[in-house]
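Notes for the structure review
Listed here are the chains, written in short residue letters.
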Amino acid sequence: MKAAVMRSTGAPLVIEDIDIADPAPHEVIVRTTAVGVCHSDLHIVDGTIPIDPPIVLGHEPAGVVEEVGSQVRAFAPGDHVIGCLSVFCGQCDYCASGRS
């Protein structure tokens, strides 16, 4: 699949083909249809947040589940999903009322 890859700090991103491994038991593969590249991504590009390249930026994805790992029960291929870095339990009163 195609991805914008940061190969070195401060350099322009390069569009290239990358390989994606099969999902591990608790993982899903999502075909990303849109992604936010936010200010924290820019800090990675300029080296303020040090992360060793290569890296594919964009941690706010939306897309469609393509594959699920053997132990995934909450999602199935074809589900439309968004990615969220915030950790939430999904069980407490806040999560249950949509205020995760």
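Attention here is on the structure that accompanies the text. (Residues numbered from 1 in each chain as written. Predicted model: local features only at pLDDT ≥ 70, side-chain atom pairs only at ≥ 80, totals over all residues. Heavy atoms only, no water.)

The next subject is the environment of aspartate 79. With respect to the helices and strands, aspartate 79 occurs in the loop between β5 (60-68) and β6 (80-82). The spatial distance from the C-alpha of aspartate 79 to the C-alpha of glutamate 66 is 8.2 Å, given a sequence separation of 13 residues. When neighbours within four sequence positions are excluded, aspartate 79 is seen to be in contact with Gly63, Val64, Val65 and Ala74. A distance of 2.8 Å separates a polar atom in the side chain of aspartate 79 from the backbone nitrogen of alanine 76. (Helix = DSSP H or I, 4+ residues; strand = E, 2+ residues; numbered from the N terminus. Contact = heavy atoms within 4.5 Å. Polar contact = N/O pair within 3.5 Å; in protein donor to acceptor, adjacent residues only side chain to side chain.)

This next bit is on the layout of surface pockets. Considered as a void within the structure, the largest pocket measures approximately 880 Å³ in volume. For the largest pocket, the lining is made up of 29 residues, of which Val30, Arg31, Thr32, Gly58 and Pro61 are closest to its centre. Elements represented by at least two residues in the lining of the largest pocket include exactly β1 (2-6), β3 (28-36), β5 and β6. Of the residues forming the lining of the largest pocket, the biggest block, six residues, is contributed by β3. Its residues assigned to classes, the lining of the largest pocket comprises 21 nonpolar, five polar and three charged. (1 Å grid on protein atoms, 1.4 Å probe; cavity = no way out; pocket = protein on both sides within 12 Å on 5 of 7 lines; lining within 4 Å. Points joined across faces, edges and corners; volume = space filled by probe spheres on them. Nonpolar A, V, L, I, M, F, W, Y, C, P; charged D, E, K, R; others polar.)

Pairing of β1 with strand β2 (residues 14-17) involves four bridges; the strand directions are antiparallel. In the strand pairing of β2, valine 5 is matched with valine 14. One ladder, built from two bridges, connects β1 with strand β4 (residues 55-56); its direction is antiparallel. Paired with methionine 6 across the strands is isoleucine 55, a residue of β4. (Pairing = 2+ DSSP bridges.)

Sheet topology note: the β3/β5 ladder contains eight bridges and is antiparallel. Its bridge partner being in β5, valine 30 is matched across the sheet by valine 65. Bridge count between β5 and β6: three bridges; the pairing is antiparallel. Looking at the pairing, alanine 62 lines up with isoleucine 82 of β6.

Right, let's get into the sheet that holds β3. Taken in spatial order, the three strands make up an open sheet running β3-β5-β6, and their pairing is antiparallel. Looking along the sheet, the strands with just one partner apiece sit at the ends: β3 and β6. Strand-to-strand twist across the sheet, computed as the mean angle between neighbouring axes with direction ignored, equals 35°. (Axes fitted to C-alpha atoms, helices over the stretch in contact; angles between N-to-C directions.)

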